[in-house]
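Listed here are the chains, written in short residue letters.
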Amino acid sequence: MNYPRYEYSAENELNIFEFYSIGNKGKIIKIVQYTEMSLKGYFNLGFGDLNLETREIDDEIITNNGDGQKVLATVVSTMYAFTGKNPDAYIYATGSSEARTRLYRMGITNNLEELKKDFYVFGLRNDEEFEPFIVGEDYLGFLVIRKK
């Protein structure tokens with residue numbers, strides 16, 4: 001994505017990424033985590049604010065820090081790093097709520113042509129089948145695979 005993004009740090013396995021969102025509510029630590037699911041080779045993309053008490057991702061908080069496009073571009077940049085190390089990974093993402101899933105769908109829609117240069121993008125339909133992402137369709141989640 002050709003948007004400004006934040007610099008991030010990552011651990012050696014490139015499964016966990018950390019960066020700061022800097023906006024009208026201050027400096028907030030964001031975490032992107034890729035966790036292998038029960039199906040080998042499939043990874044859940046977890047994303048949210050770092051809860052400083054539990055040291056875990058809080059994916060339900062609504063930050064509204066005024067830098068959503070830059071945060072989204074940063075999350076996408078972690079997908080490039082993660083799939084660079086794990087080229088056969090299937091990345092699954094869904095929101096912690098319907099509203100957040102809709103927000104992700106809008107982000108994909110607005111950047112679909114650019115994403116399709118490097119990734120196959122699918123949407124999970126209500127009948128629990130994946131289809132190539134169609135603009136305007138509602139989805140339960142999304143699957144992204146790096147092109148080779």
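Residues numbered from 1 in each chain as written. Predicted model: local features only at pLDDT ≥ 70, side-chain atom pairs only at ≥ 80, totals over all residues. Heavy atoms only, no water.

Chemist: What am I meant to see in the overall build of the chain here?
Modeler: Each helix and strand in the chain was counted, giving 2 helices and 9 strands. Counting helices and strands in the order they occur from the N terminus, the chain gives β-β-β-β-β-α-β-α-β-β-β. Looking at the chain as a whole, 39% of its 148 residues qualify as buried. Within the chain, residue pairs in contact and separated by at least 24 positions form 53% of the contacts whose partners lie at least 6 positions apart. Accessible area for the chain stands at about 8800 Å²; split by element, carbon and sulfur atoms hold 49% of it. The centroid of the 17 positive side-chain charges in the chain is displaced by 6 Å from the centroid of its 23 negative side-chain charges. (Helix = DSSP H or I, 4+ residues; strand = E, 2+ residues; numbered from the N terminus. Buried < 20%, exposed > 50% of the residue type's maximum accessible area, 1.4 Å probe, protein only. Contact = heavy atoms within 4.5 Å. Areas by Shrake-Rupley, 256 points an atom, 1.4 Å probe, with all protein chains shown as cover. Lys, Arg positive; Asp, Glu negative; His and termini not counted. Charge placed at Lys NZ, Arg CZ, Asp CG, Glu CD.)

Chemist: Please explain helix H2 (residues 98-118) as it appears in this structure.
Modeler: Each α-helix turn comprises 3.6 residues. Residues three or four places apart therefore point the same way. The largest bend along H2 measures about 75° and falls at Leu112. Where H2 is concerned, the buried positions are Arg100, Thr101, Arg105, Gly107, Ile108, Asn111, Leu112 and Leu115. The secondary structure elements touched by the buried residues of H2 are helix H1 (68-85), strand E7 (119-124) and strand E9 (141-146). (Bend = angle between axes of the 7 residues up to and from the residue.)

Chemist: Can you walk me through the nonpolar core in this structure?
Modeler: Soluble globular proteins tend to bury their nonpolar side chains together. Of all hydrophobic cores here, the largest spans 25 residues; its most connected members are Val32, Tyr34 and Leu45. Elements with a minimum of two residues in this core: strand E2 (16-23), strand E3 (26-36), strand E4 (42-51), H1, strand E6 (90-93), H2, E7 and E9. In this view, Val32 contacts Asn15, Ile16, Phe17, Phe19, Leu45, Gly46, Phe47, Val75 and Thr78; residues no more than four positions away in its chain are not counted. (Core = buried A, V, L, I, M, F, W, Y, C linked by side-chain atoms within 4.5 Å.)

Chemist: How should I be thinking about the side chain of Arg105 in this particular structure?
Modeler: Here Arg105 is to be found in helix H2. Of the polar contacts made by the side chain of Arg105, one reaches the side chain of Asp138; its length is 3.4 Å. Excluding residues that lie within four positions of it along the chain, Arg105 makes contacts with Phe133, Gly136, Glu137, Asp138 and Phe142. (Polar contact = N/O pair within 3.5 Å; in protein donor to acceptor, adjacent residues only side chain to side chain.)

Chemist: Would you take a moment to explain the packing of aromatic side chains for this structure?
Modeler: Here a ring pair, both rings aromatic, is described through the centre-centre distance and the interplanar angle of the planes. Enumeration according to the criterion identifies 11 aromatic pairs in this entry. Consider the rings of Tyr42 and Tyr90, whose centres lie 4.6 Å apart with planes at 20°: the pair is stacked. Here Tyr42, found in strand E4, pairs with Tyr90, found in strand E6; they are 48 residues apart in sequence, far enough to count as distant. For Tyr90, a relative accessible area of 28% puts it in the partly exposed group. Seen in terms of ring centroids, Tyr92 and Phe130 are 6.3 Å apart; in terms of plane orientation they differ by 85°. Their pairing is edge-to-face. (Phe/Tyr/Trp six-rings, centres within 6.5 Å; stacked < 30°, edge-to-face > 60°.)

Chemist: Help me out: how do you make sense of the environment of Gly107 in this one?
Modeler: Tracing the backbone shows Gly107 in helix H2. For the pair Gly107 and Ala73, spaced 34 residues apart in sequence, the C-alpha separation works out to 9.5 Å.

Chemist: Would you mind showing me how to read the layout of surface pockets here?
Modeler: Vacant regions in the atomic arrangement are exposed by a probe of water-molecule size rolled over the atoms. Taken as a whole, the largest pocket encloses approximately 1000 Å³ of empty space. Forming the walls of the largest pocket are 44 residues, and the residues nearest its centre are Phe47, Leu72, Arg100, Leu103 and Tyr104. Considering each element in turn, the lining of the largest pocket owes the most residues, 10 residues, to H2. When grouped by side-chain class, the residues that make up the lining of the largest pocket number 20 nonpolar, 17 polar and 7 charged. Its volume calculated, the second largest pocket comes out at about 220 Å³. Along the walls of the second largest pocket sit Thr94, Gly95, Ser97, Glu98, Thr101, Arg102, Arg105, Asn126, Asp138, Tyr139 and Leu140, which together make up its complete lining. (1 Å grid on protein atoms, 1.4 Å probe; cavity = no way out; pocket = protein on both sides within 12 Å on 5 of 7 lines; lining within 4 Å. Points joined across faces, edges and corners; volume = space filled by probe spheres on them. Nonpolar A, V, L, I, M, F, W, Y, C, P; charged D, E, K, R; others polar.)

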